[in-house]
Amino acid sequence: MSNPAFNTQLIARHPRLAARVMKTTTPHGEFLTPHFMPVGTRAFLNYLTPADLVQTDSQIILGGNTYHMLLSPGLEVIQALGGMHKMMNWSGAMLTDSGGYQVFSLSKNSKICQINEEGARFKHPINGQIIHLTPHSSLEAQKVIGADIIMAFDQCTPDTLDKALVQGAMDRTHRWLLQSKAYQEKHPHSVYGFPQALFGIIQGSYFRDLREESARFVTSLDLDGIAIGGETIGYDMQKTVEIIQWVQPYLPQDKLRYTMGVGLSPQDLIDVVAEGIDMFDCVAPTRNARHGALYHGHLIEENGWLRFESDMENARIQIKKSLYAKEDQPILNGCTCYTCQHHSRGYLHYLFKTQSLAFSHLACIHNIHVMQHTCQTMQKLILGH
Ligand SMILES: [Zn+2]
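Note that the structure is a prediction, hence the values are computed from the model and not measured. (Residues numbered from 1 in each chain as written. Predicted model: local features only at pLDDT ≥ 70, side-chain atom pairs only at ≥ 80, totals over all residues. Heavy atoms only, no water.)

Caption draft 1: Spotlight on the pairing of strand β12 (residues 225-228). On β12, burial covers both faces: Gly225 and Ala227 on one face and Ile226 and Ile228 on the other are all buried. Strand direction decides the pairing type here: strand β11 (residues 197-202) and β12, joined by four bridges, are parallel. Each residue of the ladder has a partner; that of Ile202, found in β12, is Ile228. You can see the chain leave β11, run along helix α8 (residues 208-219) and come back into β12, and the turn it takes is right-handed. Where β12 and strand β13 (residues 256-260) come together, four bridges link them in parallel fashion. Residue pairing in the sheet places Ala227 in a bridge with Tyr258 of β13. Each parallel crossover has a hand, and the one from β12 via helix α9 (residues 237-247) to β13 is right-handed. (Buried < 20%, exposed > 50% of the residue type's maximum accessible area, 1.4 Å probe, protein only. Helix = DSSP H or I, 4+ residues; strand = E, 2+ residues; numbered from the N terminus. Pairing = 2+ DSSP bridges. Right-handed = clockwise from strand over helix to strand, strands pointing away.)

Structure follows, in structure tokens:
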């Protein structure tokens, strides 16, 4: 699939590890990997404006979940407002998901959502309207959303030991991927005329032979990038790293690699980048921020790679603790984020205790900044300066 508006170049490789730096050009600007994508579930990031995101050096975002966008504000509104880039006033690169993960979560209750060979069928939670999400309709929706990278609709596999169930979901994901690719070849542009890149998703849960089979199938299709999905990815980091190691030999060097839902902590990014992953998204940094868990630690270089070292439990400060009430120092000494440059732990503790919305804003800036700083430090190390 030749896609001149979506150009990915391998810039540098780590001499010992699979880590690399890739430069990608999209119709909405460039981004350099490794890169963390902040998640705007509903076409906005809670407590952060696009200007805040630029300040945290975010060059690509997950601009909205297709499932949530279908429910509200709906595709007609998004199209009337000129697509998600214009609607959000985000001028950088953007990725959207296919709705597969949300449908998977809903289908745990068969009264709400059923999945069959056609796709998923569910009831709108507010107006009761029946919605069909299929490989075709998911892509159609993503053409209206207008992101630069769109995802093929998949059946996310649960964390289960039932191999037949996992194989069934994987085979269906592969059939759906063929449908998605055929649709994309006929309609390579968003409704606004911009070319879009299509990524496929490797499934297979925690079965090595299935993950390898899925990797062989997905990489045989000449897509623009390869994602690794499933319930395990990002939640169980030991298994996540093992799964990446299984599929890595099949992944082409010149395509972007994306682990979906990785980024509970800065160390998680370091661990998957070491295995050759380029991009990731996770709601945890902003969710943790809102709950007063602020990333705290320093990147230590060791044997040519990095470690996020902290003397705090889980590498986070729990700002609600009374011991911070009178502390005049920033969350993290040396952090160049707006919050650490302007406010003390004591002030943030006070804002948290008074349930000020300003707290969530300042806390999200810090946590996203730490994730992007971790990515930039990995880039510099791989580039050798
Ligand atoms: Zn900071």
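Caption draft 2: Representation of the sheet that holds strand β1 (residues 7-13). Read across the sheet, three strands follow the order β1-β2-β3 without closing on themselves; strand pairing throughout is antiparallel. Each of the sheet's edge strands pairs with one partner strand only, and the pair in question is β1 and β3 (29-33). With direction set aside, neighbouring strand axes in the sheet form an average angle of 15°. Note: β1 against strand β2 (residues 20-26), six bridges, orientation antiparallel. The residue bridging Arg13 from the neighbouring strand is Arg20, located in β2. (Axes fitted to C-alpha atoms, helices over the stretch in contact; angles between N-to-C directions.)

Caption draft 3: The pairing of β11, seen in detail. Most of β11 sits out of view: six of its six residues are buried. Burial of β11 is two-sided: the residues Ala197, Phe199 and Ile201 facing one way and the residues Leu198, Gly200 and Ile202 facing the other way are all buried. By the bridge criterion, three bridges tie strand β10 (residues 149-151) to β11 in an arrangement that is parallel. By the bridge assignment, Ile150 is partnered in β11 with Leu198.

Caption draft 4: Representation of the nonpolar core within the structure. Core analysis: the biggest nonpolar cluster contains 77 residues, and Phe280 and Trp305 have the highest contact counts within it. Among the elements that make up this core, the one with the highest residue count is helix α14 (residues 357-383) (twelve residues). Ranked by size, the runner-up nonpolar core spans 19 residues in total, among them Phe31, Ile149, Met151 and Leu256. (Core = buried A, V, L, I, M, F, W, Y, C linked by side-chain atoms within 4.5 Å.)

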